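Inside the fold
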Amino acid sequence: MDTITFIRPDDWHLHLRDGAAMASVVNDSARQFARAIVMPNLQPPVTTVAAAEAYRDRILAALNPALDFDPLMTLYLTDDTSAVEIARAAASPVVHAVKLYPAGATTHSDQGVTDLSRVTEALEAMQEHGLPLLVHGEATGEDIDVFDREQVFIEQRLQPLLRDFPALRIVFEHITTADAVDFVRDNDPERLAATITPHHLLINRNALFRGGLNPHHYCLPVAKRERHRQALLAAATGTPRRFFAGTDSAPHARGAKESACGCAGIYSAHAAIELYATAFEQAGDFTHFETFMSTAGPAFYRLPVNSATVTLRRDSWTVPDTLPFGDGEELVPFMAGQVLHWKLQQESRQ
Ligand code: NCD
Ligand code: ZN
């Protein structure tokens, strides 16, 4: 098999940043994906429909006009999010979900939710209006081991959320463990789905420490043991509909990563589809590639499947060492300097 033609995919979890940084990354995503769920963790966070609309306009203004790309906006849930704002979001054609960051869990999460009991009104409004909740599934707390945060989140937060809000629809974002895979499989596919990133399919936690400390492999949730990576690969390639592509591509300037306190986030938008194909090839099974990339996401979000197609061709190419980023800075993309064996054909039909 030397080419794969499939329905144009969407990225169900993407960080585009803002300003000059956004302008330097947005077309990487737009070149490959028809739509993307755009994360709201700007500074300050996107907490209102008005702010989401304004952010969307800035994204559209930075787009290469030759590319067809629809940014699907999200709101950042805070302790103060009102039921009225949720109703406004549900009525807005541009807002598609609300993101829960437990306070302190990751980059720019300091204004996140401090306690789920504070957002009852907003969650009730979301289930009433059918607006999905996207969860950064990591429990916070100094006493919780960083590698256990996803399992603890499942027990302490996700199970209670599903029980207490029986009509709430949830996407468990960027899952990293076999426990999360099992939990998603054991729940109602109408109510719970999960995104999986290309980097969690391709690296385990050894990659953080191979030959020394590797800050460009640091993201949150942090990569786990090999057995967890194998479980993610099996989920992505084997269980249609519950699991779909969400890159969590999260660019940071090189200096912010290569620092005494390096930021969490891996940039994968430069080669997202090729990276997913690399993972599926490792598993040796492309049977459900199109479902994972292009149809399971729209089904969960109740959006139409794209009509265009794209083609991947077997072709070796080297990922650049760095890419320009923002005002005169650079970033180090995932798999920098390494050879990939699939290439997206650029003359794809739009
Ligand atoms: C993300 C970022 O940099 O915004 N970082 C990351 O490691 N994934 C935040 C997030 O999604 O956790
Ligand atoms: Zn993210």
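One can find the structure itself at the top, above this paragraph.
Reference entry: report on the structure contained in this document. Bear in mind the structure is a predicted one, so any value in this text is a computation, not a measurement.

Strand order across the open sheet formed by three strands is β1-β10-β13, with antiparallel pairing between neighbours. Strand pairing shows two members of the sheet lacking a second neighbour, β1 (3-7) and β13 (339-344), which therefore form its edges. Taken pair by pair, the neighbouring strands of this sheet meet at an average axis angle of 35 degrees, ignoring direction. Both strand β10 (residues 309-318) and β13 contribute to a ladder of five bridges, which runs antiparallel.

The next subject is the pattern of salt bridges. Counted by the stated rule, this structure contains 13 salt bridges. As a salt-bridge pair, Arg314 and Glu281 come within 3.1 Å of each other at their nearest N and O atoms. With Arg314 in strand β10 and Glu281 in helix α10 (residues 272-283), this residue pair connects regions lying 33 residues apart in the sequence. Each member of the salt-bridge network shares a partner with another, and the members are Asp2, Glu281 and Arg314.

Of all residues adjacent to ligand 1, which total 15 residues, the nearest are Arg17, Asn41, Thr106, Leu220 and Asp248. The contact in question runs from an oxygen atom of ligand 1 to an N or O atom on the side chain of His15, over 3.0 Å. A distance of 2.7 Å is found between a nitrogen atom of ligand 1 and a side-chain nitrogen or oxygen belonging to Asp248. Protein contacts shield 100% of the accessible area of ligand 1, which totals 320 Å² for the unbound molecule. A class-by-class count of the residues in the shell around ligand 1 yields four nonpolar, nine polar and two charged.

This part covers the coordination of the zinc ion (ligand 2). The zinc ion (ligand 2) binds to the protein through His13 (NE2), His15 (NE2) and Asp248 (OD); the donor distances cover 2.0 to 2.1 Å. Donor residues for the zinc ion (ligand 2), ordered by position in the chain, follow H-x1-H-x232-D. Residue His13 is located in strand β2 (residues 11-14), and its partner Asp248 is located in the loop between β9 (243-245) and α9 (254-257); the two are separated by 235 residues in the primary sequence. An identical accessibility class is assigned to His13 and Asp248; each is buried.

Quick notes on the rules
- Residues numbered from 1 in each chain as written.
- Chains lettered and ligands numbered in written order.
- Predicted model: local features only at pLDDT ≥ 70, side-chain atom pairs only at ≥ 80, totals over all residues.
- Heavy atoms only, no water.
- Pairing = 2+ DSSP bridges.
- Helix = DSSP H or I, 4+ residues; strand = E, 2+ residues; numbered from the N terminus.
- Axes fitted to C-alpha atoms, helices over the stretch in contact; angles between N-to-C directions.
- Salt bridge = Lys/Arg side-chain N within 4 Å of Asp/Glu carboxyl O.
- Near = heavy atom within 4 Å.
- Polar contact = N/O pair within 3.5 Å; in protein donor to acceptor, adjacent residues only side chain to side chain.
- Areas by Shrake-Rupley, 256 points an atom, 1.4 Å probe, with all protein chains shown as cover.
- Nonpolar A, V, L, I, M, F, W, Y, C, P; charged D, E, K, R; others polar.
- Donors = N, O, S within 2.8 Å, 3.2 Å for Na, K, Ca; no water.
- Buried < 20%, exposed > 50% of the residue type's maximum accessible area, 1.4 Å probe, protein only.

On their own, these measurements won't tell you what the molecule is for.
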